[in-house]
Amino acid sequence: WLHMSRASKGLTLIELILVIALLSILLGAIGFTFIVGLRAWDTGILSGGIKKEASYSLRIISEELKQATAITAAGLNSVTFVLDLDNNGVNETISYTWSGVAGADLSRIEGAVTTVLARNVQNAQFQYYNINNTLLGPPPAVTASLVRVVELTLQLTREGEVLQYLVKIRPRGI
């Protein structure tokens, strides 16, 4: 048992150092790939979040404005209209408003209830068109009863990503 062959003695110091160096390079490459993948995943999650928020906001605004029976106020950063939201024969008044300050929230107001639709809004502007698709404004001040199409420009920013949407909505009940 004292007479061991060269094959069973083990590794030389040089072989051991080479194996450790190769394993270090391999593990470094795997770690780097993992970190790059996590960063890409985080970016995708953030991007998906801002896109979902914008999509949700635009869907809610579009659905409710399409049901409007009258536009009662038409401003640059807000719109107010009436509709029978719950089909009970009684009209509800809904407002969508943004303060005009970059970074403020876009809100939906129904009675005394205010709901935030989108956060960190950089721009939310409404434009209004008449029955001939002629721009009414603002500016100048818009006569709400003449509005037949509402155009919304919505711009959101998060983590350096900027999304801008433009949607035209034709209320069916007007």
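Keep in mind it's a predicted model, so treat the numbers as computed, not measured.

Asker: Help me out: how do you make sense of the pattern of salt bridges in this one?
Answerer: The full count for this structure, using the stated rule, is 6 salt bridges. Arg108 is the partner of Glu64 in a salt bridge, and the nearest nitrogen-oxygen pair spans 2.9 Å. Taken together, the residues span a long stretch of sequence, with Glu64 in helix α1 (residues 13-66) and Arg108 in strand β4 (residues 104-110) at a distance of 44 residues. A single burial state applies to Glu64 and to Arg108, both of which are buried.

Asker: I keep staring at the nonpolar core and nothing clicks. Help me out?
Answerer: Here is a general trend for soluble globular proteins: nonpolar side chains tend to be buried in one another's company. Grouped together as the largest cluster of nonpolar side chains are 34 residues, with contacts concentrated most on Ile71, Phe81, Tyr96 and Tyr128. Those elements giving two or more residues to this core turn out to be α1, β1 (70-74), β2 (78-83), β3 (92-98), β4, β5 (113-129), β7 (149-158) and β8 (161-169). The contact partners of Phe81, leaving out residues within four places of it in the chain, are Glu64, Leu65, Ala68, Ala70, Ile71, Thr72, Glu92, Thr93, Ile94 and Tyr96.

Asker: Help me understand the pairing of β8, please; the structure alone is not making it clear to me.
Answerer: Moving residue by residue along a regular strand, the side chains alternate between the two faces of the sheet. One ladder, built from 9 bridges, connects β7 with β8; its direction is antiparallel. Directly across from Thr157, in β8, lies its bridge partner Val162.

Asker: Just checking my understanding: could you explain the environment of Phe32 for this structure?
Answerer: One can find Phe32 in helix α1. Put simply, Phe32 and Ser145 are 113 residues apart on the chain and 61 Å apart in space, counted from C-alpha to C-alpha.

Asker: Explanation requested: the packing of aromatic side chains in the structure shown.
Answerer: Taken as a whole, this structure holds 2 aromatic pairs when the rule is applied. Ring geometry for Phe81 versus Tyr96: centroids 5.9 Å apart, planes at 25°, classification stacked. One end of the pair, Phe81, is in strand β2; the other, Tyr96, is in strand β3, with 15 residues separating them in the sequence. The exposure classification of Phe81 matches that of Tyr96, with both residues buried. With centroids separated by 6.5 Å and ring planes inclined at 15°, the aromatic side chains of Phe126 and Tyr128 adopt a geometry described as stacked. A residue is classified by how much of its surface remains accessible, and Phe126, at 0% relative accessible area, is buried.

Asker: What's the story with the pairing of β1 in this structure? I'm lost.
Answerer: Examined bridge by bridge, β1 and β2 share 4 bridges and lie antiparallel to one another. Among the inter-strand pairings, Ala70 is bridged to a residue of β2, identified as Val82. Between the antiparallel neighbours β1 and β2 lie 3 residues.

Asker: How should I be thinking about the side chain of Gln127 in this particular structure?
Answerer: For Gln127, the position within the fold is in strand β5. Look at Gln127 and you get buried, because its relative accessible area is 16%. Polar side-chain contacts of Gln127 include one of 3.3 Å to the backbone oxygen of Pro138. Discounting residues that sit within four places of it in the chain, Gln127 has contacts with Leu76, Leu135, Gly137, Pro138, Val149, Val150 and Glu151.

Thresholds, definitions, all that
Residues numbered from 1 in each chain as written. Predicted model: local features only at pLDDT ≥ 70, side-chain atom pairs only at ≥ 80, totals over all residues. Heavy atoms only, no water. Salt bridge = Lys/Arg side-chain N within 4 Å of Asp/Glu carboxyl O. Helix = DSSP H or I, 4+ residues; strand = E, 2+ residues; numbered from the N terminus. Buried < 20%, exposed > 50% of the residue type's maximum accessible area, 1.4 Å probe, protein only. Core = buried A, V, L, I, M, F, W, Y, C linked by side-chain atoms within 4.5 Å. Contact = heavy atoms within 4.5 Å. Pairing = 2+ DSSP bridges. Phe/Tyr/Trp six-rings, centres within 6.5 Å; stacked < 30°, edge-to-face > 60°. Polar contact = N/O pair within 3.5 Å; in protein donor to acceptor, adjacent residues only side chain to side chain.

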